[in-house]
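This is what each chain is made of:
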Amino acid sequence: MLLWGEAVTTLPLPAGFLYAHFVQRLPLPVLLGALAGAQTTTAALGALTERARSQIPALGTTVPYALGNVPLTMRGPVIVLLRR
């Protein structure tokens, strides 16, 4: 279970980065903001905007953050039911 958790947390980031960078050709600050939003980590967004000295990474955060929170909220009861 621990290895599955590590895989589903780690593998989407490089896959999403490669897809967005090479296929969609997103600018790097927006892309990194989108990846931070997809992982629903506002601390990463804070670090990105501080390092970039700009709010541009926040442009890519909004939609992935909102879409990431819906499954996150819905999976809680499912996991509780699986533990029974």
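Everything numeric here is computed off the predicted structure, so don't read it as measured data. (Residues numbered from 1 in each chain as written. Predicted model: local features only at pLDDT ≥ 70, side-chain atom pairs only at ≥ 80, totals over all residues. Heavy atoms only, no water.)

(A) Main features of the overall build of the protein. Summing up its helical and strand segments, the protein has six helices and zero strands in all. Mapped from its N terminus to its C terminus, the protein presents α and β elements in the order α-α-α-α-α-α. A principal-axis box enclosing the C-alpha atoms of the protein has dimensions of 50 × 20 × 20 Å. The long-range fraction of contacts in the protein, counting pairs at least 24 apart against all pairs at least 6 apart in sequence, stands at 48%. Summed over its atoms, the accessible surface of the protein is roughly 6,600 Å², and 71% of this surface lies on carbon and sulfur atoms. (Helix = DSSP H or I, 4+ residues; strand = E, 2+ residues; numbered from the N terminus. Contact = heavy atoms within 4.5 Å. Areas by Shrake-Rupley, 256 points an atom, 1.4 Å probe, with all protein chains shown as cover.)

(B) Up close: helix α3 (residues 28-38). Listed in full, the buried residues belonging to α3 are V30, L31, G33, A34, L35, A36 and G37. Tucked inside the fold, the buried residues of α3 contact α2 (12-23), α4 (42-52), α5 (56-59) and α6 (62-82). T40 sits one or two residues past α3 and shows a positive phi near 50°. (Buried < 20%, exposed > 50% of the residue type's maximum accessible area, 1.4 Å probe, protein only.)

(C) Here's a closer look at the environment of T42. Along the polypeptide, T42 turns up in helix α4. Distance in space between the C-alpha atoms of T42 and Q55 is 13 Å, their sequence separation being 13 residues.

(D) Local environment of the layout of surface pockets. For the largest pocket, the calculated volume is near 400 Å³. Taken together, 16 residues make up the lining of the largest pocket; nearest its centre are V8, P12, A38, Q39 and R75. Mapped onto the lining of the largest pocket, the elements with two or more residues apiece are α1 (2-10), α2, α3 and α6. It is α6 that contributes the most residues to the lining of the largest pocket, seven residues altogether. For the lining of the largest pocket, the per-class residue count stands at 10 nonpolar, five polar and one charged. Of the voids in this model, the second largest pocket is the one considered here, and its volume is about 230 Å³. (1 Å grid on protein atoms, 1.4 Å probe; cavity = no way out; pocket = protein on both sides within 12 Å on 5 of 7 lines; lining within 4 Å. Points joined across faces, edges and corners; volume = space filled by probe spheres on them. Nonpolar A, V, L, I, M, F, W, Y, C, P; charged D, E, K, R; others polar.)

(E) Up close: the confidence of the model for the protein. Taken residue by residue, the protein gives an average pLDDT of 90. The fraction at 70 or more is 100%. Per-residue pLDDT, averaged within each element of the protein, yields its smallest value for α6 (87) and its largest for α2 (94). (pLDDT = per-residue confidence, 0-100.)

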